[in-house]
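Take a look at the letters that make up each chain.
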Amino acid sequence: MTTSVAAGFGPIYYLCTRQNAYTIGVFLGYYPHGLGDILRIIPYEEAGNLGSVAPGTFVFTDFERLTPDQLQAAASLFDSIAAQNPGLLLLNNPALVPGRFDLLKRLKQAGLNSFDVHRLDRRDAISRFPVFVRWESRHDPPLTGLLDSAQALEAAVAALPDPVRQDPDLMIVEYGAAPSGDGRFRKYSAYKVGPTVYPQHCFINESWYIKFPSTRFTEADRAESRAYVADNPHAAEIERVFALAEIDYGRIDYGVVDGRIQTFEINNNPTVLARPPGWDAGVNYGRYADLHAQALRGIIRPTSSAPPVRLGQGSRSADAIHAAAMRKVRRRIAWFSFRRSLSLRGLKKRLANRFRS
């Protein structure tokens, strides 16, 4: 789907860390969507080098990857833009968006989640097991498996290296998933982009912790995921979670237990697409791009008569900073492509395809 944006509409400025611009950059640089002239990536590290920019929509992201000083600077920038032009659409106020720990605490207290989270120094008060230990701000797998007692938790914590055990970013999470009727687990993911909530996928796996779908993802599983995307069955509940989280742009990952959604996290700089078209012949990445492009069109606003907005004290243009960010994204994809070309698995796959043809 390729549709151009009408003249007179302001840009979308997507603020993130330089290192993680790929989350939106792959979508922007490799897929036909008609947004290439209107969406601009602005790394936080470069925001001060800008001068005045055309008024538009500002999307703030990537808060867990910012230092406290950087987060404060992002919040100040948000306030400065809002003060210059209260009519502009700004998504994700850095001063309001909670981290994962505070979000899960908030959802538990509101009765939207049945499970709770705890800091390591409060683990003596935990009465609900099993639990597991993970990082709050990282998107890594848990540091432990499921621990079914206080004794097992103590042993697991003691086994962690001392620098890890002392890190305040650690958190203990009560187990909040449950298998479906077929004995497998499902993780649902949906995006909120301003006023739009759209489902992205349903991953099905034999394991309770799901990062990717099972390698035995069947055609029936694919049909179930497609039906989830088409039906958007949990939209009202998802809207309520995002409202409680005060997040306007992000991706929610959740399960369904006893008919109620259970939120695992909301990523405010989610990966829209990590690979360019054709990376895997068996996957139609384009449909993800279409869904996100349609949602982004819902936050574009007419701003042709509004005055410019000053972001920093420099003189670089938003176009130049965006172009530099996109060059980094393309280098990242080229590097992954090079590594893939050298992998034995990829070689075997190419040989198998050659002999089948």
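A.B. asks: Sorry if this is basic, but what is going on with the packing of helix 4 (residues 100–109) against helix 8 (residues 235–245) here?
C.D. replies: Packed helices, taken two at a time, are described by the angle between their axes plus the distance between the axes. The contact between helix 4 and helix 8 brings their axes to 10 Å, and the two run at 120°. Relative to helix 8, the element helix 4 is oriented oblique. For helix 4 against helix 8, the interelement crossing comes out right-handed. Each of L103, R106 and L107 in helix 4 lies in contact with helix 8, whose residues at this interface are V241, L244 and A245. In terms of residue class, the contact of helix 4 with helix 8 is built from 5 nonpolar, no polar and 1 charged.

A.B. asks: Mind showing me how you'd approach the sheet that holds strand 9 (residues 185–193) here?
C.D. replies: Note on sheets: strands pair through backbone hydrogen bonds, and any given pair is parallel or antiparallel. Spatially, the 4 strands line up as an open sheet ordered 10-9-11-12, and their pairing is antiparallel. Both outer strands of the open sheet, strand 10 (196–205) and strand 12 (260–267), are each paired with one neighbouring strand and no more. Within this sheet the neighbouring strands show an average axis-to-axis angle of 25°, counted without direction. For strand 9 and strand 11 (residues 249–257), the ladder comprises 6 bridges, and the chain directions are antiparallel. What sits directly across from S189, in strand 11, is D253. Sitting on the sheet, helix 9 (residues 286–297) touches strand 9, strand 10 and strand 11, and the angle it makes with strand 10 is about 155°.

A.B. asks: Please explain the sheet that holds strand 1 (residues 12–16) as it appears in this structure.
C.D. replies: The strand order 2-1-4-5 describes an open sheet built from 4 strands, whose pairing is parallel. Each end of this open sheet is capped by a strand with a single partner; those strands are strand 2 (39–43) and strand 5 (90–91). By the bridge criterion, 4 bridges tie strand 1 to strand 4 (residues 57–60) in an arrangement that is parallel. Bridging across to strand 4, Y14 finds its partner in V59. The sheet contacts of helix 1 (residues 22–30) involve strand 1 and strand 2, and relative to strand 2 the element is tilted by about 150°.

A.B. asks: In this structure, what is going on with the side chain of H234? I would like to understand it.
C.D. replies: Structurally, the position occupied by H234 is in the loop between helix 7 (219–231) and helix 8. H234 gets classed as buried once you look at its relative accessible area, which sits at 14%. Setting aside residues no more than four positions away along its own chain, H234 makes contact with Y228, Y254, V256 and I261.

The rules we used
- Residues numbered from 1 in each chain as written.
- Predicted model: local features only at pLDDT ≥ 70, side-chain atom pairs only at ≥ 80, totals over all residues.
- Heavy atoms only, no water.
- Axes fitted to C-alpha atoms, helices over the stretch in contact; angles between N-to-C directions.
- Helix = DSSP H or I, 4+ residues; strand = E, 2+ residues; numbered from the N terminus.
- Parallel < 35°, antiparallel > 145°, perpendicular 65-115°, else oblique.
- Left-handed = near helix turned anticlockwise from the far one by under 90°.
- Contact = heavy atoms within 4.5 Å.
- Nonpolar A, V, L, I, M, F, W, Y, C, P; charged D, E, K, R; others polar.
- Pairing = 2+ DSSP bridges.
- Buried < 20%, exposed > 50% of the residue type's maximum accessible area, 1.4 Å probe, protein only.

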